[in-house]
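A closer look at the structure
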Amino acid sequence: MEEFEPRAFIRFALSHFGLPLLREEGPYFYLDRGYCIELEGPQLYKLSQNDQVIAPFADLEEMCIFIQKDRQQYEED
């Protein structure tokens with residue numbers, strides 16, 4: 001299995017799913033609408049929104065899909 005750099009993988013996934021990355025600070029990746037992804041380990045991510053923890057994710061793709069669906073729901077309201 002090919003090795004990857006976790007931070008680069010997050011940037012790639014966000015770009016692939018069309019999720020805008022506003023800035024990076026250490027282990028934190030800030031997105032629009034108050035989302036923040038914290039890189040807790042090589043394959044462990046903590047998602048929060050407006051300083052409220054939503055959930056930990058071990059699957060980056062699953063987390064990106066969750067954010068996409070949540071954003072779509074927000075746009076519909």
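These notes cover the structure that comes with them. Just so we're clear, the structure is a prediction, and the values are computed from it rather than from any experiment.

A short note on the nonpolar core
One recurring pattern in soluble globular proteins: nonpolar side chains tend to sit buried together. Residues Leu 31, Ile 37, Met 63 and Ile 67 are the most contacted members of the largest nonpolar core, which totals 17 residues. Contributing elements (two or more residues each) for this core: helix H1 (6–16), strand E2 (28–31), strand E3 (35–41), strand E4 (44–49) and helix H2 (60–76). If one sorts the elements of this core by residue count, H2 sits on top with 4 residues. Setting aside chain neighbours within four positions, we find Ile 37 in contact with Leu 14, Pro 27, Tyr 28, Phe 29, Leu 31, Tyr 45, Lys 46, Leu 47, Met 63 and Ile 67.

What to know about the sheet that holds E4
Whether parallel or antiparallel, the strands of a sheet pair through hydrogen bonds between backbone atoms. With antiparallel pairing, the 5 strands of this open sheet are ordered in space as E1-E2-E3-E4-E5. Two strands in the sheet have a free side with no partner beyond their single neighbour: strand E1 (21–25) and strand E5 (52–57). For this sheet, the mean angle separating the axes of adjacent strands, direction not counted, is 20 degrees. Summarising the sheet, E3 and E4 pair through 6 bridges and their orientation is antiparallel. Counterpart to Ile 37 in the pairing with E4 is Leu 47.

Observations concerning the pattern of salt bridges
Taken as a whole and assessed by the stated rule, the structure comprises 6 salt bridges. Between Arg 11 and Glu 24 there is a salt bridge, with the nearest N and O atoms lying 3.1 Å from each other. Placement of Arg 11 in helix H1 and of Glu 24 in strand E1 is noted, with a sequence separation of 13 residues between them. The class of Glu 24 is partly exposed, set by a relative accessible area of 28%. Salt-bridge contacts for Arg 71 lead to Asp 32; the nearest nitrogen and oxygen are separated by 3.0 Å. With a gap of 39 residues between them, Arg 71 in helix H2 and Asp 32 in the loop between E2 and E3 connect regions that are remote in the sequence. Taking relative accessible area as the criterion, Arg 71 reaches 13% and is therefore assigned buried. Among the charged side chains, a salt-bridge network with shared partners connects Arg 7, Arg 11 and Glu 24.

About the criteria used
- The residue numbers shown here count from 1 along each chain, following its written sequence.
- Totals for whole chains, interfaces and linings use every residue, but because this is a predicted model, local features are given only for residues with pLDDT of at least 70 and side-chain atom pairs only at 80 or more, for both listing and counting.
- Note: side-chain values were computed over all heavy atoms of the structure, leaving out hydrogens and water.
- Remark: nonpolar core denotes a set of buried residues (Ala, Val, Leu, Ile, Met, Phe, Trp, Tyr, Cys) joined through side-chain atoms within 4.5 Å.
- Accessible area is worked out with a 1.4 Å probe on protein chains only. A residue is then buried under 20% of its type maximum, exposed over 50%, and partly exposed in between.
- A helix here means a DSSP run of H or I that spans at least four residues, while a strand means a run of E at least two residues long, and both kinds are numbered starting from the N terminus.
- By definition, residues are in contact when any of their heavy atoms lie within 4.5 Å.
- Two strands qualify as a pair provided DSSP detects at least 2 bridges between them.
- Angular values range over 0 to 180 degrees, each being the angle between N-to-C directions of two axes fitted as lines to C-alpha atoms, with helices fitted over their stretch in contact.
- Salt bridges are defined by distance alone: a side-chain nitrogen of Lys or Arg within 4 Å of a carboxyl oxygen of Asp or Glu.

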